[in-house]
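Residue-level structure breakdown
Listed below, chain by chain, are the residues.
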Amino acid sequence: MKLTVIGTGYVGLVSGVCFSDLGNEVVCVDKLSEKIELLQQGEVPIYEPGLKELIQKNTEAGRLSFTTDLSEAVQHADIIILAVGTPSLANGEADLTYILGAAQEIALSIKGPKIIMTKSTVPVGTNEKIENQFKQLSVHPVAVASVPEFLREGSAVRDTMNPDRIVVGTESEAARQRIEELHRPLTDQILFTDVRSAEMIKYASNAFLATKISFINEIANICEKVGADVTMVAEGMGYDKRIGSSFLKAGIGYGGSCFPKDTQALIQIAGHVDYEFKLLKSVVEVNRDQRYNVIRKLETILDDLSGKSIAVWGLAFKPETDDVRDSPAFEIIASLLHCGASVKAYDPIATPNFRKLLDHSKVEYCSSAQEAAQNADALCVLTEWSEFRAVSPAMIQAWLRRPNLIDGRNMYSEEELANTELIYYSVGRPNMN
Ligand code: UGA
């Protein structure tokens, strides 16, 4: 099949590359010429395991190419995939400027009938707006389908190649058949819906996962007070198939480019139809507050943070990515600075991106975990990189000036801590030392 993907962010790039690996001819388009030049040279603008190899393989095989020329690229395609960003506006609503702009450009360029497959996360009703735009601007018939994306950063290639399900929302039988053909090699679990339901499935899924995280974080906060262990509680809950074990890891709250944005957008979508989504509002509030538990725990141990040197391990919003968008590390470090502390921070790959967000005289970006921890008054672990797991708590104690460890991701076990004198606080587990 011939595909053109508009937008080379996480969703567009990974989908385009994976579809080419399935044998389709794929052209990926982006307005940013530096990004396209990088991709043409076989380089990848984001860190994503396995992606670079697949780009090289499929470019060499002649199935995958990159261009800034949208109007030419769309001629080539049977299916045009919309995968441009829908960032948050100041009020939390999704900004549709890019997606409607791209649709307009396509409408003005196409010279024949096309299938438009929207993978961007868009509020309910957006695909109808896109369809109307085509009707107004082009004489060529288009069939619009909403096919939301469920990949996760850090495991994007694996998720795309092994999806739990594909959701296809369209009124067009022709689009339905072609899109089914495209996805059949990936899974048999293809759900066909109307367009609005497909759009809603994406928001409802992310909101539900965010709810699970805030739920377990609140259970963790109660566990700390009643002397229970949230990891055991989550395990015990997770064996119940109706609950499931995933997304029950307590921590410092969710971050990233999706959950914070999509929960806010769904609250706004509900608000537009005069519905107050009270549960989701609480999920967002709990998530915001969860980050500050790190500061509260530090204050319990150190009393006054002013003048203290605090080490931070992990700046990315989760491991295996260099993405720092809405990373809890940002607010935590900003609070430390506000309290008068200085910070020594380390992340295996996300430091350059984080430094762009926060360049401050009191934040020293270090080139190793040891350098950050050396002589600090306390260490906070904010991202569960395996590199950190590999460091023994005894080693951490040897590096620190004072033996204080705040583990925001429940990385270390009781056995590992047994032979140390670390003052150790994790999330929702009894104090182990
Ligand atoms: C999320 C969804 O999981 C994907 O299905 C969806 O396609 C994507 O958003 C999107 O809308 O594009 P992603 O943001 O890449 O994917 O990352 P997740 O693995 O879902 O993690 C999100 C945040 O939740 C991270 O900060 C992570 O640390 C946190 N989390 C996750 C927890 O605190 N506890 C958990 O048990 C799981």
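Keep in mind that this is a model prediction, so the values were computed, not measured.

What follows concerns the overall build of the chain. Check the secondary structure of the chain and you find 19 helices and 14 strands. Relative to the 2.2 N^0.38 estimate, which gives 22 Å for 433 residues, the radius of gyration of the chain is 23 Å and therefore close to what a compact globule would have. Here the C-alpha coordinates of the chain stretch approximately 70 × 45 × 35 Å along the principal axes. Across the 433 residues of the chain, 46% fall into the buried class. Long-range contacts, defined as pairs at least 24 residues apart, comprise 70% of the intrachain contacts of the chain with a sequence gap of at least 6.

In this section: the sheet that holds strand β10 (residues 342-346). The strands that make up a sheet are held in pairs by hydrogen bonds between backbone atoms, and each pair lies either parallel or antiparallel. In space, the six strands of this open sheet follow the order β11-β10-β9-β12-β13-β14, with parallel pairing throughout. The sheet is open, and its two borders are formed by β11 (363-365) and β14 (423-425), each paired with just one other strand. Strand after strand, the sheet turns through a mean of 20° between neighbouring axes, direction not considered. Of the pairings in the sheet, the one linking β10 to β11 comprises three bridges and is parallel in character. Paired with alanine 345 across the strands is tyrosine 365, a residue of β11.

In this structure, phenylalanine 247 is a non-glycine residue whose phi angle is positive, near 60°. Position of phenylalanine 247 relative to the elements: it lies in the loop between α10 (230-238) and α11 (259-272). Overall, the presence of 16 C-beta atoms within 10 Å leaves phenylalanine 247 in the partly exposed class. Not every positive phi belongs to a glycine, and asparagine 410 is a case in point at roughly 50°. Judged by local crowding, asparagine 410 falls into the buried class, with 20 C-beta atoms found within 10 Å.

Right, let's get into the site of the ligand. Near the ligand, the surroundings consist of 21 residues, among which Glu153, Lys249, Tyr254, Gly256 and Cys258 are the closest. Elements supplying a minimum of two residues to the shell around the ligand: α9 (195-226) and α11. Looking at the shell around the ligand element by element, the count peaks at three residues for α9. Of the residues assigned to the shell around the ligand, the class counts are 10 nonpolar, five polar and six charged.

Per the UniProt entry, the sites bearing "binding site: substrate" (unreviewed entry) are Phe150, Leu151, Arg152, Glu153, Lys202, Phe247, Leu248, Lys249, Ala250, Gly251, Gly255 and Lys318 in this numbering. These annotated residues cover 169 residues of sequence, and their C-alpha atoms reach 23.9 Å apart at the extreme, placing them across more than a single site. Tracing the sequence through the fold places glutamate 153 in the loop between β6 (142-146) and α7 (156-161). Apart from residues no more than four positions distant in its own chain, glutamate 153 is found in contact with Tyr10, Gly256, Thr321 and Asp323. With sequence-adjacent residues up to four places away left out, phenylalanine 247 is seen in contact with Leu209, Lys212 and Ile213.

We now examine the UniProt feature "active site" (unreviewed entry) in the chain. Following the UniProt record, one finds the feature "active site" (unreviewed entry) at Cys258. Mapped onto the secondary structure, cysteine 258 falls in the loop between α10 and α11.

Taken together, the buried positions of helix α14 (residues 328-338) are Pro328, Ala329, Ile332, Ile333 and Leu336. Projected down its long axis, α14 shows its buried positions confined to an angular sector of 120°, all on one face. Residues of α14 that are buried in the fold lie against α13 (293-302), β9 (309-313), β10, α15 (351-357), β11 and β12 (378-381). Glycine 340 sits one or two positions beyond α14 and adopts a positive phi of about 95°.

Ranked by internal contacts, the top residues of the largest apolar core, which has 79 residues, are Ile6, Ile80, Ile81, Leu82 and Ala145. Shared between two domains, this core holds at least three residues of each, these being domain 1 (2-193) and domain 2 (202-288). Excluding its chain neighbours within four sequence positions, the residues that come into contact with leucine 82 are Ile6, Ile99, Ala102, Ala103, Ile116, Thr118, Lys119 and Ser120. Core analysis: the second largest hydrophobic core is formed by 44 residues, Leu315, Phe317, Tyr346 and Tyr424 among them.

This brings us to the sheet that holds strand β5 (residues 114-118). Across the sheet, eight strands lie side by side as β3-β2-β1-β4-β5-β6-β7-β8; this open sheet has mixed pairing. On the outer flanks of this sheet lie β3 (64-67) and β8 (190-193), each paired with one strand and no other. When strand polarity is set aside, the average angle formed by the axes of neighbouring strands in this sheet is 25°. Along the sheet, helix α6 (residues 126-137) contacts β5 and β6; its crossing angle with β6, the most-contacted strand, is approximately 165°.

Another point: the packing of α9 against α11. Running from N to C, α9 and α11 point in directions that differ by 115°, and their axes come no closer than 9 Å. Here α9 runs over α11; the crossing is left-handed. Counting all contacts with α9, which are made through Tyr203, Asn206, Ala207, Leu209 and Ala210, the residues of α11 involved are Phe259, Asp262, Thr263, Ala265, Leu266 and Ile269.

Time to look at the domain arrangement of the chain. When cut into domains, the chain gives domain 1 (2-193), domain 2 (202-288) and domain 3 (291-425). For domain 1 and domain 3, the distance between their C-alpha centroids amounts to 38 Å. In this assembly, five residues from domain 1 lie in contact with seven residues from domain 3. Residues belonging to the side of domain 1 that touches domain 3 are distributed by class as follows: three nonpolar, one polar and one charged.

Another point: the pairing of β12. Regular strands show a simple pattern: their side chains alternate between the two faces of the sheet. Side-chain alternation along β12 places Ala378 and Cys380 on one buried face and Leu379 and Val381 on a second face that is also buried. With four bridges connecting them, β9 and β12 associate as parallel partners. Within β12, the position partnered with alanine 311 by the bridge is leucine 379. In the sheet, β12 pairs with strand β13 (residues 404-407) via three bridges, with the strands oriented parallel. Bridge assignment links cysteine 380 to a residue of β13, and that residue is isoleucine 406.

Each value, and the rule that gives it
Residues numbered from 1 in each chain as written. Predicted model: local features only at pLDDT ≥ 70, side-chain atom pairs only at ≥ 80, totals over all residues. Helix = DSSP H or I, 4+ residues; strand = E, 2+ residues; numbered from the N terminus. Rg over C-alpha atoms; globule rule 2.2 N^0.38 Å. Buried ≥ 20, exposed ≤ 12 C-beta atoms within 10 Å, placed from the backbone. Contact = placed C-beta atoms within 7 Å. Pairing = 2+ DSSP bridges. Axes fitted to C-alpha atoms, helices over the stretch in contact; angles between N-to-C directions. Near = placed C-beta within 6 Å. Nonpolar A, V, L, I, M, F, W, Y, C, P; charged D, E, K, R; others polar. UniProt positions renumbered as here; feature names shortened; annotations may be inferred. Arc of directions from axis to C-beta. Core = buried A, V, L, I, M, F, W, Y, C linked by C-beta atoms within 7 Å. Domains from an automatic or database assignment. Left-handed = near helix turned anticlockwise from the far one by under 90°.

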